[in-house]
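Structural characterization, general
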Amino acid sequence: MTRNSLVNSFLPRKSFGALVSALLSRGYHCMAPAIRDGAVVYEALQPGGDLPTGLSVHQSPGCYTVEITDSPRNFDWSNGPFALKPLVFKSRETLWTVERRADGQMAFSESQESPDPVAVIGVRACDLAALALQDRHFLKEGSTDPLYQTRRESLFLVAVNCTRPAETCFCVSTGDGPTAREGFDLQLDELDEGFVIHSGSPAGQEILQALPLEPVTSEHEATVAAQNRQAAECQRRRLPSGSLEAVLFDNLEHPHWQAVAERCLSCGNCTSVCPTCFCYREQDTGSLDLSRSTHTREWDSCFTQGHSYIHGLTIRAGTDLRYRQWLTHKLGSWHSQYGRSGCVGCGRCISWCPVGIDLTEEVSSIVGNSS
Ligand code: SF4
Ligand code: SF4
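Now for a quick tour of the structure.

The rules behind these values
- Residues numbered from 1 in each chain as written.
- Chains lettered and ligands numbered in written order.
- Predicted model: local features only at pLDDT ≥ 70, side-chain atom pairs only at ≥ 80, totals over all residues.
- Heavy atoms only, no water.
- Pairing = 2+ DSSP bridges.
- Helix = DSSP H or I, 4+ residues; strand = E, 2+ residues; numbered from the N terminus.
- Axes fitted to C-alpha atoms, helices over the stretch in contact; angles between N-to-C directions.
- Contact = heavy atoms within 4.5 Å.
- Expected span 1.5 Å × (residues − 1).
- Buried < 20%, exposed > 50% of the residue type's maximum accessible area, 1.4 Å probe, protein only.
- Arc of directions from axis to C-beta.

**Regarding the sheet that holds strand E6 (residues 92-100)**
Read from one edge to the other, the open sheet built from 4 strands follows the order E7-E6-E13-E12, with strand pairing classed as antiparallel. A strand with exactly one partner marks an edge of an open sheet, and here the two such strands are strand E7 (106-110) and strand E12 (280-286). Shown here is a sheet whose adjacent strand axes are inclined to one another by a mean of 20 degrees, direction ignored. Pairing geometry for E6 and E7, over 5 bridges, is antiparallel. Within the sheet, the bridge partner assigned to glutamate 99 lies in E7 and is alanine 107. Relative to E6, helix H4 (residues 146-153) is tilted by about 135 degrees, and along the sheet it contacts E6, E7 and strand E13 (292-299).

What follows is the structure in C-alpha cells.
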C-alpha cells in the first residue's frame, strides 16, 4: 500500500482518547510515550491515562535531554533509547529448561508464550524500518524464532511521522524516514488541533471505522506536507548512499580503526540501543544438585570479549577490531546477508555513546569520497 493510495481523515485532538479506547476495547495493551529516567520510552498506558504533552528531545553526540514545552502536541519528540526491539527480542529470556527425571532421563521443556496483543502508539519511521530488518533475521524461512514470532504477531503499530528529528538523525540518507512508508497499522501526522490519520492494514482500517473522524481539509494537508518536508530538510548528518561493503572491506587496515579505538570504551551501549543489532549469547545454568538446568539467551555485543571467544582465544581482542567488526557488518556485509545496510539512520548510537563517537563521521574518515 503506498501513501498515495491511502485515504486520509482527521481525528480532532479532543477525540484522541477514542483511539485509545478502541484499542483497549479490542483487548490491546497500549504502550505509549512516557518519560522514564530522563528519556522518552514506550510504557503501558492505563485506561483513562493521558499522553504527555510538550515533550521535546535534544540529542547530540553523547548527549540526550528532554525538555517540557507548552506545545499541545504529544509526539513532538525525536526517538528515545528504545525502539521496538525490546518488545519482540527480549534482552534476557529463558529458552528452555531441562530436568532429570526419576528414571534418569532428561525432560526438556521449551519456553512458550501467548502474549496479549500490544498496540504501540507513537512508533517512528526508523523503528518500523528496523523492525522489518529484525523480521528478516528472526523470521527467516527455515530458522524462524518462535518467541520472536509470537510477540511480533501480537503487535499493532500506530506510527506518527516525525516533525522534529534530532540533530543526530540521518534517516533521510538511509531512505528510512522521517515519514513512515509501510509496516504500520495506522499512521498519524500530528497537527496542533489534531491528527491526519489513515490505515495501513485491515486491522487498522477496522479501528478507523470506530473513530469519530472528520474530513481532512486542504489546510491540514498543506501543513502536513510542509512539516514533513521541513523534517527531512533539517537533517544534516548523512551516510554515503549505496553499499559500503566493498569499500569498507578494502580498508580493513585503515589507520582510522585505531583512532576510533583510542576513544571507544568498548562498553556496547551503541549495540544495545541499536534497533537492528540482533547478536545474543546463550548459556546453561545448572542447579546445585544438578537435577535441573535453565538455558537462557541474552543480548550480546560485538564489543564484548566473549563475543569473539572461540576455544580459549578471543579473536577480536582489541577495541579497533571490535569497532571494525561492528561497522563492517552493519554497513558492509549486511548487504550480502539481508540485501541492504543494517543502519536505519536513527542516530541512537551517536547520542547514547558515552564518548560521542559518531558513525557518520567515522565512516566518512574511512571511506572518504570513495562511495
Ligand atoms: S547503527 Fe546507529 S544510527 Fe544506525 S540503526 Fe543502529 S543505532 Fe541507529
Ligand atoms: S562506540 Fe561508544 S557506545 Fe559503542 S562501544 Fe564504543 S564507547 Fe561504547
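Back to the text.
**What about the sheet that holds strand E11 (residues 194-199)?**
Strands sit in the order E1-E11-E10-E9-E8-E2-E3 across an open sheet of 7 strands; the sheet is mixed. Among the strands making up the open sheet, the edge pair consists of strand E1 (9-12) and strand E3 (39-44). Adjacent strand axes in the sheet meet at a mean angle of 30 degrees when their direction is disregarded. By the bridge criterion, 6 bridges tie strand E10 (residues 186-191) to E11 in an arrangement that is antiparallel. Bridge pairing links glutamine 187 to histidine 198 in E11. Sheet contacts for helix H3 (residues 125-138): E3, strand E8 (118-123) and strand E9 (155-160); angle to E9, the most-contacted strand, approximately 145 degrees.

**Digging into helix H7 (residues 218-233)**
Along its 16 residues, H7 runs 22 Å from first to last C-alpha, staying within 8% of the 22 Å computed at 1.5 Å per residue. Residues of H7 that are buried include every one of His220, Val224, Gln227, Asn228 and Ala231, and no others. For H7, the buried positions fall inside an angular range of 100 degrees around the axis, keeping them on one side. Set apart from the buried face of H7 by more than 90 degrees, the exposed residues are Ser218, Glu219 and Glu233.

**As for the pairing of E10**
Most of E10 is tucked away: 6 of the 6 residues are buried. Here E10 shows no split at all, with Leu186, Leu188 and Glu190 on one side and Gln187, Asp189 and Leu191 on the other all buried. Relative to E10, E9 runs parallel, the two being bridged by 3 bridges. Opposite valine 160, over in E10, you have leucine 188 as the bridge partner. Connecting E10 to the next strand, E11, in antiparallel fashion are 2 residues.

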